[in-house]
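Structural description and commentary
Residue-level listing of the chains:
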Amino acid sequence: MVVQGHGVFLRFKLNKATSSGDIETINKLSEKIKHHLGGHINHSLYWKMLAPPKKGGGKLPGKNSKLMKEIEASYGSADNLMNHFIFEAQQVQGTGWVWLNYDLQSHKLRIDKTRDQENVLLQENLAPLLTIDAWEHAWYPTYKNEKPKYFKEIWKIVNWDYVEKRFNNPSKKVEI
Ligand SMILES: [Fe+2]
């Protein structure tokens, strides 16, 4: 709701700047809108991609599933995929997100990082399957200075069911 309220305010200011031709303000506001909208989209995905263990969180896709076969073909095993992901996550300096994506051109899985509240939806070839918040607020309250522990533990609550649904029907669509 905060994002929505913020969005209305920014839109009002943007309309005002547009009608007066204030290019500098338009540019500044566009960046702000991109940032807030990106944050809203990324968190919307993040919440859907997590689930408590009693609701299936951490339960890997079935051995014979299309997703597991692709993970094994690309990374050798789910453990290897997670280790690759953790490695990339640890390279995020400051704020950002880590993604498991489906490349719509090469039809392969890939791991990407984005800065701040940027996301992969703007990249034509990428359909997000999983994203992990690498902002300090995601891990510091629970893990303090043990950032690697957050990236290791988060897999216990990854909603693979949702990831698998996205993989079976790769798309840029996000319900926000
Ligand atoms: Fe966050």
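The present account deals with the structure reproduced in this document. (Residues numbered from 1 in each chain as written. Predicted model: local features only at pLDDT ≥ 70, side-chain atom pairs only at ≥ 80, totals over all residues.)

1. So, the nonpolar core
Judged by nonpolar contacts, the single largest core of 27 residues is most densely connected at Val98, Leu130 and Val163. Contributions of two or more residues to this core are made by helix H3 (66-75), helix H4 (78-90), strand E1 (96-103), strand E3 (126-133), helix H6 (147-153) and helix H7 (160-168). Those residues in contact with Leu130 that lie beyond four places of it in its chain are Met49, Trp99, Leu100, Val158 and Val163. (Core = buried A, V, L, I, M, F, W, Y, C linked by C-beta atoms within 7 Å. Buried ≥ 20, exposed ≤ 12 C-beta atoms within 10 Å, placed from the backbone. Helix = DSSP H or I, 4+ residues; strand = E, 2+ residues; numbered from the N terminus. Contact = placed C-beta atoms within 7 Å.)

2. Considering the pairing of E1
The element E1 is extensively covered by neighbouring structure, given that seven of its eight residues are classed as buried. With eight bridges joining them, E1 and strand E2 (residues 108-115) adopt antiparallel strand pairing. Paired with Trp99 across the bridge in E2 is Asp112. Here E1 folds back onto E2 in antiparallel fashion, the turn holding four residues, of which His107 has a positive phi close to 60°. Bridge count for E1 against E3 is seven bridges, and the pairing is antiparallel. Within E3, the position partnered with Val98 by the bridge is Ile132. (Pairing = 2+ DSSP bridges.)

3. Concerning the environment of Pro52
Along the chain, Pro52 turns up in the loop between helix H2 (23-48) and H3. Here Pro52 falls in the exposed class, since 11 other C-beta atoms lie within 10 Å of it. On a C-alpha basis, the gap between Pro52 and Ile157 in space is 5.4 Å, while along the polypeptide they are 105 residues apart. Beyond its immediate stretch of four places on either side in the chain, Pro52 contacts Gly57 and Ile157.

4. Some details on the environment of Lys66
Checked against the element boundaries, Lys66 lands in helix H3. Lys66 gets classed as exposed once you count the C-beta atoms within 10 Å, which come to 12.

5. Notes on the sheet that holds E3
Strands sit in the order E2-E1-E3 across an open sheet of three strands; the sheet is antiparallel. The strands lining the two open edges of the sheet, one partner per strand, are E2 and E3. Taken pair by pair, the neighbouring strands of this sheet meet at an average axis angle of 25°, ignoring direction. (Axes fitted to C-alpha atoms, helices over the stretch in contact; angles between N-to-C directions.)

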